[in-house]
Amino acid sequence: QVQLVESGGGLVQAGGSLSLSCAGSGRSFRSYSMGWFRQAPGKEREFVAAINWIGGSTYADSVKGRFTISRDNAKNTVYLQMNSLKPEDTAVYYCAADRGLSVVVSGTSDYWGQGTQVTVSS
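Numbers given to residues run from 1 along each chain, matching the order in which its sequence is written. Note on the predicted model: pLDDT of at least 70 is required for a residue's local features to be given, and 80 or more for side-chain atom pairs to be given and counted; whole-chain, interface and lining totals, by contrast, use all residues. The basis for every side-chain value is the complete set of heavy atoms in the structure, and neither hydrogens nor water enter the calculation.

**As for the overall build of the protein**
Selection rule: Here a helix means four or more residues in a row that DSSP labels H or I, a strand means two or more in a row labelled E, and each is numbered from the N terminus. Based on C-alpha atoms, the radius of gyration is set beside the globule rule, defined as 2.2 Å times the residue count to the power 0.38. Three exposure classes are used, based on accessible area relative to the maximum for each residue type with a 1.4 Å probe and protein chains only: buried under 20%, partly exposed in between, and exposed over 50%. For this analysis, residues touch if any pair of their heavy atoms sits within 4.5 Å. Exposure was quantified through the Shrake-Rupley algorithm and a 1.4 Å probe, taking into account, for residues, occlusion by the shown protein chains and nothing else. A positive count includes Lys and Arg, and a negative count includes Asp and Glu. His and the chain ends are not counted in either. Taken as the charge centre is NZ of Lys, CZ of Arg, CG of Asp or CD of Glu, depending on the residue.
The helix and strand inventory of the protein stands at 1 helix and 11 strands. Going from N to C terminus, the protein has its helices and strands arranged as β-β-β-β-β-β-β-β-β-α-β-β. Its C-alpha atoms give the protein a radius of gyration of 13 Å, within 12% of the compact-globule value 14 Å for 122 residues. Judged by the C-alpha coordinates and their principal axes, the protein covers about 40 × 25 × 25 Å. In the protein, buried positions account for 46% of the 122 residues. Across the protein, contacts joining residues at least 24 apart in sequence account for 59% of those joining residues at least 6 apart. Total accessible area on the protein stands at roughly 6,100 Å², and carbon and sulfur atoms take up 48% of it. Charge centroids of the protein, computed over 11 positive and 9 negative side chains, lie 6 Å from each other.

**Re the pattern of salt bridges**
Rules: Think of a salt bridge as a Lys or Arg side-chain nitrogen and an Asp or Glu carboxyl oxygen that are within 4 Å of each other.
According to the stated counting rule, one finds 4 salt bridges in the structure shown. For Arg38, the salt bridge is made with Asp89, and the minimal N-O distance between the two is 2.9 Å. On the criterion of sequence distance, the pair formed by Arg38 in strand E4 (residues 33–39) and Asp89 in the loop between strand E8 (77–82) and strand E9 (91–98) is long-range, its members being 51 residues apart. Look at Arg38 and you get buried, because its relative accessible area is 5%. Residue Asp89 is classed as buried on the basis of its relative accessible area, which comes to 0%. Three or more residues are tied together by salt bridges with common partners; here these are Arg38, Glu46, Arg66 and Asp89.

**Things to note about the pairing of E8**
Heads up, the condition is: One requirement defines pairing of two strands: DSSP has to find at least two bridges between them.
Relative to E8, strand E3 (residues 18–24) is paired through 6 bridges, and the arrangement is antiparallel. Each residue of the ladder has a partner; that of Ser19, found in E8, is Gln81. As defined by bridge partners, strand E7 (residues 67–72) adjoins E8 across 6 bridges and the pair is classed as antiparallel. Bridging from a neighbouring strand, Asp72 pairs with Thr77 of E8. Linkage of E7 to E8, two consecutive antiparallel strands, is achieved through a turn of 4 residues, within which Asn76 is found at a positive phi near 55°.

**Focus on the state of the cysteines**
Stated precisely, the cut-off is as follows: Here, two cysteine sulfur atoms that lie within 2.5 Å of each other are counted as a disulfide.
Under the definition given, this model contains 1 disulfide. Two residues share a disulfide in this structure: Cys22 and Cys95, whose sulfurs sit 2.1 Å from each other. In this structure, the disulfide formed by Cys22 and Cys95 twists by about -85° around the S-S bond and is classed as left-handed. Separated by 73 residues along the polypeptide, Cys22 in strand E3 and Cys95 in strand E9 bring together distant segments of the chain. Since its relative accessible area comes to 0%, Cys22 is described here as buried.

Written out as structure tokens, the structure is:
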């Protein structure tokens with residue numbers, strides 16, 4: 001069983017930066033692939049980035065070069081550094097976890113956090 005708690009959301013101006021954190025529980029955290037998704041009002045949830053247990057990562061085209069996902073297994077935490085933010089990045093950001101990276105990327109993870117709001121003003 002894995003429980004996930006996101007933090008770090010907030011309001012930022014376009015061009016600014018924010019860093020999100022997702023703290024996971026459970027001794028097996030380091031063996032899980034982790035991911036970030038987002039959902040804007042009136043839109044479907046979409047994949048943002050994911051990282052496997054050894055640090056291999058993948059990104060949505062819309063965030064490549066601007067966002068960086070990383071993890072610290074000693075702290076049971078995964079991060080999302082978001083730079084050059086745009087108004088279209090405004091959404092609730094969710095953390096997800098599962099054993100397989102492909103499962104995480106597909107959006108069908110077993111474990112999800114409660115979400116944290118990111119708002120980018122123009």
